[in-house]
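Chain by chain, the residues run as shown.
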Amino acid sequence: MRRDFLIAMVSAIALFAGLAGAQTIYSSLGPGETAAARPLPGFTVGGGVLRNDPPGNAGAIGAQSFVTTASATLQRVDAVVKYRYIDGIATGPDDLDLTLAADRNGLPGDAIETIHLIGVMGGIRNAVAVVAAQSVQHPVLRAQTRYWIVLAPPDLLNSAFEWLPSPLKVAAERSASRVGSSPWYPAYDAPLAVAVLGGVEFAPQPSISTNGIVDGASLRAVISPGAWATIFGESLAPLTRPWQESDFHGEVLPVSLEGVSVQIGGNLASVSYVSPTQVNVQAPDDLSLQPLTVQVITAAGPSKVAVANSAQSAPAFFTLGTAPALYVAAVLPDGTLAGRPGLVTGRVSRAVRPGEIIALYGSSLGVTTPVVPAGTMVRAAAPLSDLNGLVVGIGGQQAVIQFAGLVGPGLYQINVVVPDVPDGDQPLTAWLYGQPTQDGVFLTVGRATP
């Protein structure tokens, strides 16, 4: 190994060891630690923090990605750098910009923090040094997330640096005896010798509340195959968000959001919403194991195993409002909410009239043709295999069912004709082969023209 490289490595490790109150988030300074190399054609960071590398100065920008194992507050980044001073070519100051950037499709994306380092090489030509960039903003790095460290002089045309790769990369390239390329200072194809240090935030392990596993529609203490379930607890997720377009891959629903996953009966469930106190999931189809075990897993570790009640069928309606005034989630053909006026803030709603067709939304309402497996998208409505097994009653009168089937993952739609019942809040119940939906659900009927 080259002497200047060895000295730089020893210096970097010693400097790293002396930092109090910080831990290694990522390092490529020592044996046994590797990083994936990837080509980096001209790129930008943070909309202009760094520019495309100019022709003839191919070694001016160095970048290294890393994935955090735990959430942490960035404290410092150490990098081993050689300043290359060439008369007539590199005449600018020995300054550096070290940027922590987000990942964007495998390349450095938006800048999170840029640390400006002035005179880092002390004006010494062809010097090798350990650059210690102290964070000022101390951004929080999220667990199991890819970030980039990007090093470049502010003046790419008049300054030149070389980025010393990690020891393992050097050893591998030397042993391979690559012809026609330098194993010491490759431009883009070697990981940087860097160490990222931070204060690790030890998040508590997730915990599921007692009786905290319920049906997502009725909130009854039961889980059924393919139905939505809600889990209540503490420290269930680092933040609050529903799923979004980028979480989907083809026809498969995401089984993890923000590093949060859920196992039901030993199988991964699809996750649609996470928050510190609530997680919504679609139960897998196979719930044969008894007792049915549930476990929430985060970057901080798994929760204790909880036990849930299960049933092959647990028909229920999704509802709006708050108990005891729960109203069925339903819409009219024009998309207006079916229910009392002002039922949902920001949405127009009105009472329904006898003879109108409305769409009711529910859960666990029967087998469809074709069968749609849990955890997959529903691209076309799948009607019930046996419509005769379903009965809907409004205000004590049986409603005519025009359609019933699956229209979304775990979401059933029933199109019914409102029977001739009195005005007011009328009780609503459906029976699937004699098994009723939850009590206390209403539909507002009103003959007055809205």
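Values in this document were obtained by computation on a predicted structure and should not be read as measured data. (Residues numbered from 1 in each chain as written. Predicted model: local features only at pLDDT ≥ 70, side-chain atom pairs only at ≥ 80, totals over all residues. Heavy atoms only, no water.)

**Concerning the overall build of the chain**
Put simply, the rule reads: Only DSSP runs of H or I covering at least 4 residues are called helices, and only runs of E covering at least 2 are called strands; the numbering of each starts at the N terminus. Buried means the residue's accessible area, taken with a 1.4 Å probe over protein chains only, is under 20% of the maximum for its type, while exposed means over 50%, and partly exposed covers the values in between. We call two residues contacting when some pair of their heavy atoms lies within 4.5 Å. We get accessible surface area from the Shrake-Rupley algorithm with a probe of 1.4 Å; when it comes to residues, only the shown protein chains can shield them.
Assigned secondary structure in the chain consists of two helices and 35 strands. Residues counted as buried form 48% of the 450 residues belonging to the chain. Look at the contacts in the chain between residues 6 or more apart in sequence, and 69% of them connect residues 24 or more apart. Taken as a whole, the chain presents about 20,400 Å² of accessible surface, with 56% of it coming from carbon and sulfur.

**What to know about the side chain of T368**
Here T368 is to be found in the loop between β27 (357-363) and β28 (382-383). Taking the relative accessible area as the measure of exposure, T368 reaches 6% and is therefore buried. Those residues in contact with T368 that sit more than four places away from it in its chain are A382, P383, L384, S385, L406 and Y412.

**Quick look at the sheet that holds strand β11 (residues 207-215)**
This is how it is decided: Pairing between strands is defined by DSSP: at least two bridges between the two strands are required.
Reading across the sheet, the five strands line up as β11-β12-β17-β16-β13 and stay open at both edges, with antiparallel pairing between neighbours. The open sheet has two edge strands with one neighbour each: β11 and β13 (241-242). Of the strand pairs in this sheet, β11 and strand β12 (residues 228-234) are connected by five bridges, and their pairing is antiparallel. For V214, the partnering residue across the bridge sits in β12 and is T230.

**Focus on the sheet that holds strand β4 (residues 96-104)**
Pairing between the strands of a sheet is mediated by backbone hydrogen bonds and can be parallel or antiparallel. Stated formally: Angles run from 0 to 180 degrees between N-to-C directions of axes, and those axes are lines fitted to C-alpha atoms, restricted for helices to the stretch in contact.
Spatial ordering of the open sheet is given by β2-β8-β4-β5, a layout of four strands whose pairing is antiparallel. Edge positions in the open sheet fall to β2 (62-67) and β5 (107-117), since each of these has one partner strand only. When the angles between neighbouring strand axes are averaged without regard to direction, this sheet yields 25 degrees. Pairing analysis gives six bridges linking β2 to strand β8 (residues 146-152), with the strands arranged antiparallel. Within the sheet, the bridge partner assigned to G62 lies in β8 and is L151.

**Focus: unusual backbone geometry**
Cis geometry is found at the peptide bond from T369 to P370, where omega equals 0 degrees. Considering the arrangement of structural elements, one finds P370 in the loop between β27 and β28. A positive phi is found at S235, a non-glycine position, where the angle reads about 55 degrees.

**Observations regarding the packing of aromatic side chains**
Quick note on the threshold: Ring geometry is summarised as follows: Phe, Tyr and Trp rings, the Trp one being its six-membered ring, pair when their centres sit within 6.5 Å, and such pairs are stacked at plane angles under 30 degrees, edge-to-face over 60 and tilted between the two.
In the structure shown here, the tally under the stated rule is three aromatic pairs. One aromatic cluster is present, formed by W228, W243 and F248 through successive ring pairs.

**Thoughts on the pattern of salt bridges**
We count it as follows: The salt bridge definition used is simple: a Lys or Arg side-chain nitrogen within 4 Å of an Asp or Glu carboxyl oxygen.
In total, this model carries nine salt bridges according to the counting rule given. The partner of R76 in a salt bridge is D78, and the shortest N-O contact between them spans 2.7 Å. Across the pair, D78 and R76 agree in class, each one buried. Ionic pairing is found between R241 and D247, a salt bridge with its closest N-O pair at 2.8 Å.

**With respect to the confidence of the model for the chain**
Keep this limit in mind: How sure the predictor is of each residue is captured by pLDDT, a score from 0 to 100.
For the chain, the average pLDDT comes to 79, and 74% of its residues sit at 70 or higher. Segment residues 31-58: pLDDT under 50, and 70 contacts once partners within four positions in sequence are set aside and those in other chains are kept. Low confidence marks residues 170-190, where pLDDT is under 50. Its contacts with residues over four positions away, or in another chain, come to 38 contacts.

**As for the environment of G395**
With respect to the helices and strands, G395 occurs in the loop between β29 (390-394) and β30 (397-398). Accessibility expressed as a relative area gives 23% for G395, which makes it partly exposed. In this structure, G395 is in contact with V421, Q426 and P427, ignoring residues within four places of it in sequence.

**A word on the pairing of β12**
Within β12, five of the seven residues are buried, which leaves the element mostly enclosed by the surrounding structure. Bridging between β12 and strand β17 (residues 278-282) involves five bridges; their strand directions are antiparallel. Each residue of the ladder has a partner; that of W228, found in β17, is Q282.

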